[in-house]
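Structural features, examined
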Amino acid sequence: MADLRAAPGASVDPAGPGTPAPSATTPTYPPRRRPGRGHRSALRPWLLLGPALVVLGVLLLWPLVRVVLLSLQDYGLRQIASGESNWIGLQNYADILGDSYLWTVVLPNTVLFALACVVLTVVLGTAVALFLNTLGPVWRGLGATAIMVAWAVPAITGTYVWIWIFDPLNGLVASVLEGVGAIEPGTVNWFTERLSFYAIATLNVVHHGFPFVAITVLAGLMTIPHELHEAAKVDGASAWRRFWSITAPILRPVFAVVTILSTIWDFKVFTQIYLMPGGNGGNKDVFNLGVWSYIESFAQGKYGMGSAIAVLLTLILLGITLVYLRTLFKEEEL
């Protein structure tokens, strides 16, 4: 009978003496997955996102597709009543782009107004944030709460406040100027001139938008180490020099985000223009793209033309959004 005792240090084959021991070079394989398990794992996120995607498709995607389809038609009240379609291709776009009114009035109003609002909003918001950053925690909280009231006020309410301030007869500005003898009572109407109209609209938009910039920049300022500014002070750097050499480079991503977001918002301003005297159709010299699209659609009954203008505005906003996303995902900057 063979001696089954193993020598010291020798391994014992658990499978028995008749089974060859596995070689050190024998390959090992990972456990086999059950059929369909990986497929189900890949579908699980889409099943969770499915209801939200359906809601977004119904609320956002279909209206956008509908506007594009309307822009390719001569669609008016007759087509609404009959339910018929009158396809004209790109004729609406050709009429819009070939109209001098777009290039001399509407587009300059939209672009220049948006640029002025963005610059003033970012500058004022940054100045307020720098001021709040110099205060103590209690006063900083009170100041931030106070300026957020301007952001919480609805655009409609804020617009009517500015209309009252510049009312030609009983407004605050008119009363003050009449009191000092600068103007005659009831002789100046700031809402009839294109430049003064948009000056008031700019004050309205900047007043409503600067709190967002201020709070966002303030959050960024509070992340900058105080040692950097202290070292710059020791080296004799002025406050302006410290801002451009320390604060601005560190907060460059923040400035990029607030600037592009403000640009998107200010390009599609509608309420602040439409509610002002003359902005709802009485003065064609003050239309921007949003108001022009609304007037063509609901006042003139030219839904195809209004939809084409809306698509043009959407394309401009899409280009700005792409710039925003590209800036957002730049790893070397953010």
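Residues numbered from 1 in each chain as written. Predicted model: local features only at pLDDT ≥ 70, side-chain atom pairs only at ≥ 80, totals over all residues. Heavy atoms only, no water.

1. Considerations on the nonpolar core
Judged by nonpolar contacts, the single largest core of 63 residues is most densely connected at Ile96, Phe113, Ile273, Phe287, Leu289 and Trp292. Listed by contribution, the elements that provide at least two residues to this core are helix H3 (91-97), helix H4 (100-133), helix H6 (155-165), helix H8 (194-221), helix H10 (239-250), helix H11 (252-267), helix H13 (289-299) and helix H14 (303-328). With 12 residues, H8 is the single largest residue contributor to this core. Residues contacting Ile96, with those up to four places away along its chain left out, are Leu102, Trp292, Met305, Ala308, Ile309 and Leu312. (Core = buried A, V, L, I, M, F, W, Y, C linked by side-chain atoms within 4.5 Å. Buried < 20%, exposed > 50% of the residue type's maximum accessible area, 1.4 Å probe, protein only. Helix = DSSP H or I, 4+ residues; strand = E, 2+ residues; numbered from the N terminus. Contact = heavy atoms within 4.5 Å.)

2. A word on the side chain of Gln272
Structurally, the position occupied by Gln272 is in helix H12 (residues 271-274). What makes Gln272 buried here is its relative accessible area of 8%. Those residues in contact with Gln272 that sit more than four places away from it in its chain are Ala155, Thr159, Asn204 and Val205.

3. A short note on H10
Taking 1.5 Å of rise per residue, the 12 residues of H10 would be expected to cover 16 Å, and the 16 Å separating its terminal C-alpha atoms lies within 8% of that figure. Buried residues in H10 make contact with H4, H8, helix H9 (226-234) and H11. (Expected span 1.5 Å × (residues − 1).)

4. Considering the packing of H4 against H8
Here H4 crosses H8 at 40 degrees, and the two axes come no closer than 6 Å. By the angle class used here, H4 and H8 are oblique. The element H4 and its partner H8 pack so that their crossing is right-handed. A per-class count over the contact of H4 with H8 returns 21 nonpolar, 8 polar and 1 charged. (Axes fitted to C-alpha atoms, helices over the stretch in contact; angles between N-to-C directions. Parallel < 35°, antiparallel > 145°, perpendicular 65-115°, else oblique. Left-handed = near helix turned anticlockwise from the far one by under 90°. Nonpolar A, V, L, I, M, F, W, Y, C, P; charged D, E, K, R; others polar.)

None of the figures reported here should be taken as evidence of function without further support.
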